[in-house]
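In case you want the letters, here they are:
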Amino acid sequence: MKDSNKPTSKVRKFNYELELAKLHTELVHLQEWVKTQGLKVVIVFEGRDASGKGGTIKRFTEPLNPRVCKVVALGVPTEKEKTQWYFQRYTQYLPAAGEIVLFDRSWYNRAGVEKVMGFCTDDEYNEFLRSCPEFERMLVRSGIILLKYWFSVSDAEQERRFKNRISNPLKHWKFSPMDLESRSRWLEYSKAKDTMFAHTDTKQVPWFVVNSDNKKKARLNCISHVLSQIPYKRMKIDPIELPELPDYKSYVRPPMDYQTFIPEKY
């Protein structure tokens, strides 16, 4: 039986970058297919803190047009948003035809952090569990392709990543008081996740679990799975020819010292 706390074998850097380059090529083809066919795609990324969601989203969007593939990462709701229908805050970011939207955390905040930290009432939480599957089925009926990924990280690996963030000044911004509090409530989050799955892991919109103890493998596996879930055809790339520059010899440009250049330190 596989030990969930034991790190998986490392991916050699060369192989990782080679495989990622192949997947990036396929993502570009997927993007063009989504545009030409007018598809609407929503991908939800959820998981514990330091589970690797952000890194996967970054690699997913790296080769894509930000006008086509958009990332939604919402902060704390405003006072007005707190009075709205719960899903209203998220529906405004749903894709139009030809768009892909990635939710870096989503409406599932209510089933996780809001439940564990007491930011919602029991009635609000229970209503979410009842209405969420219907909400998602409604999205699918409207023509949206909806994929949900849960990034699963062991407690030992999460602790290692937290310590790395603490010791690395470039990663301090990733920490918040909520991260520290959630660490002390590991069991409560585990129970909340299990309850969430029991209510929202439906046949129409299932949860896909990503083993993320190895970040590089998680990125490759997740991107590969997305590509397998959206039927697409490789698009023919028409050759591009640069037009010749027009004759500009008769144009006299102003002196270069009229412009302010930044210092060339490098």
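- Looking at an unreviewed UniProt entry, one finds the chain named ADP/GDP-polyphosphate phosphotransferase, with Aestuariibaculum lutulentum as its source organism.
- We quote the UniProt Function (unreviewed entry) comment for the chain here in full: "Uses inorganic polyphosphate (polyP) as a donor to convert GDP to GTP or ADP to ATP."
- Entered under Sequence similarities (unreviewed entry) in the UniProt record, the comment concerning the chain runs "Belongs to the polyphosphate kinase 2 (PPK2) family. Class I subfamily."

## Describing the overall build of the chain
Now for step 1: What the chain contains, in helices and strands, is 10 helices and five strands.
Now for step 2: Structurally, the chain occupies a C-alpha span of about 75 × 45 × 45 Å along its principal axes.
Now for step 3: Counting only carbon and sulfur atoms, one obtains 54% of the accessible surface of the chain, whose full area is about 17,100 Å².
Now for step 4: Taking the 45 positively charged and 34 negatively charged side chains of the chain as two groups, their mean positions are separated by 4 Å.

## A few points about the packing of helix α6 (residues 122–141) against helix α9 (residues 186–200)
Now for step 1: In the contact formed by α6 and α9, the axes pass within 9 Å of each other and the chain directions differ by 40°. As judged from the angle between their axes, α6 and α9 are oblique. Seen from above, α6 lies across α9 with right-handed handedness. For the pair formed by α6 and α9, the contact residues are Tyr125, Leu129, Cys132, Pro133 and Glu136 on the first element and Thr195, Met196, His199 and Thr200 on the second.
Now for step 2: Partitioned by chemical class, the residues of the contact of α6 with α9 number five nonpolar, three polar and one charged.

## Thoughts on empty space enclosed by the protein
Now for step 1: All told, the structure shown has one cavity of 30 Å³ or more when counted by the stated rule.
Now for step 2: Each pocket or cavity is described by its volume, and for the largest cavity that value is around 30 Å³.
Now for step 3: Considering the residues around the largest cavity, the lining is formed by Ser51, Gly52, Thr56, Phe151, Arg161, Ser212, Lys215, Ala218 and Arg219.
Now for step 4: Tallied by class, the residues present in the lining of the largest cavity amount to two nonpolar, four polar and three charged.

## Digging into the sheet that holds strand β1 (residues 40–47)
Now for step 1: If you walk across this open sheet you meet the five strands as β2-β3-β1-β4-β5, and the pairing is parallel. The outermost strands of the open sheet, each flanked by one partner alone, are β2 (69–72) and β5 (207–211). Averaged over all neighbouring strand pairs, the angle between strand axes comes to 20°, with direction disregarded.
Now for step 2: As paired elements, β1 and strand β3 (residues 99–104) share six bridges and run parallel to each other. Among the inter-strand pairings, valine 42 is bridged to a residue of β3, identified as valine 101.

## Considering the packing of helix α1 (residues 13–37) against helix α10 (residues 215–229)
Now for step 1: Orientation of α1 relative to α10, taken along the N-to-C sense of each, is 25°, at an axis distance of 10 Å. By the angle between their axes, α1 is roughly parallel relative to α10. Crossing angle aside, the handedness with which α1 passes α10 is left-handed. From α1, Lys13, Tyr16, Glu19, Leu20, Leu23, Glu26, Leu27 and Leu30 reach across to α10, where they touch Lys216, Arg219, Leu220, Ile223, Ser224 and Leu227.
Now for step 2: For the contact of α1 with α10, a count of residues per class yields eight nonpolar, one polar and five charged.

## With respect to the state of the cysteines
Such a bond, covalent and formed between the sulfur atoms of two cysteines, is termed a disulfide.
Now for step 1: Considering all chains together, one arrives at zero disulfides under this definition.
Now for step 2: In this structure cysteine 120 is not part of a disulfide, and its nearest cysteine sulfur, from cysteine 132, lies 13 Å away.
Now for step 3: The exposure class of cysteine 120 is buried, given its relative accessible area of 12%.

## A short note on helix α2 (residues 53–61)
Now for step 1: For α2, the full list of buried residues reads Lys53, Gly55, Thr56, Ile57 and Phe60.
Now for step 2: If you follow the buried residues of α2, they end up packed against α1, β1, β2, β3, β4 (144–152) and α10.

## Examining the pairing of β3
Now for step 1: In terms of burial, β3 is a largely internal element, five of the six residues being buried.
Now for step 2: Pairing between β2 and β3: four bridges, direction parallel. Residue pairing for β3: valine 72 is matched across the bridge by phenylalanine 103.

## Observations concerning the pattern of salt bridges
Now for step 1: Counted under the stated rule, the structure contains 16 salt bridges.
Now for step 2: Between glutamate 81 and arginine 89 there is a salt bridge whose closest N-O contact spans 3.1 Å.
Now for step 3: Exposure remark for arginine 89: the relative accessible area of 9% places this residue in the buried category.
Now for step 4: Between glutamate 127 and arginine 130 there is a salt bridge, with the nearest N and O atoms lying 3.0 Å from each other. On the criterion of helical spacing, the pair formed by glutamate 127 and arginine 130 is a turn pair, its members being three residues apart in helix α6.
Now for step 5: With relative accessibility at 38%, the residue glutamate 127 sits in the partly exposed group.
Now for step 6: A cluster of three or more residues bridged by salt bridges with shared partners is formed by Glu46, Asp49 and Arg105.

Reading guide: rules and limits
- Residues numbered from 1 in each chain as written.
- Predicted model: local features only at pLDDT ≥ 70, side-chain atom pairs only at ≥ 80, totals over all residues.
- Heavy atoms only, no water.
- UniProt positions renumbered as here; feature names shortened; annotations may be inferred.
- Helix = DSSP H or I, 4+ residues; strand = E, 2+ residues; numbered from the N terminus.
- Areas by Shrake-Rupley, 256 points an atom, 1.4 Å probe, with all protein chains shown as cover.
- Lys, Arg positive; Asp, Glu negative; His and termini not counted.
- Charge placed at Lys NZ, Arg CZ, Asp CG, Glu CD.
- Axes fitted to C-alpha atoms, helices over the stretch in contact; angles between N-to-C directions.
- Parallel < 35°, antiparallel > 145°, perpendicular 65-115°, else oblique.
- Left-handed = near helix turned anticlockwise from the far one by under 90°.
- Contact = heavy atoms within 4.5 Å.
- Nonpolar A, V, L, I, M, F, W, Y, C, P; charged D, E, K, R; others polar.
- 1 Å grid on protein atoms, 1.4 Å probe; cavity = no way out; pocket = protein on both sides within 12 Å on 5 of 7 lines; lining within 4 Å.
- Points joined across faces, edges and corners; volume = space filled by probe spheres on them.
- Pairing = 2+ DSSP bridges.
- Disulfide = S-S within 2.5 Å.
- Buried < 20%, exposed > 50% of the residue type's maximum accessible area, 1.4 Å probe, protein only.
- Salt bridge = Lys/Arg side-chain N within 4 Å of Asp/Glu carboxyl O.

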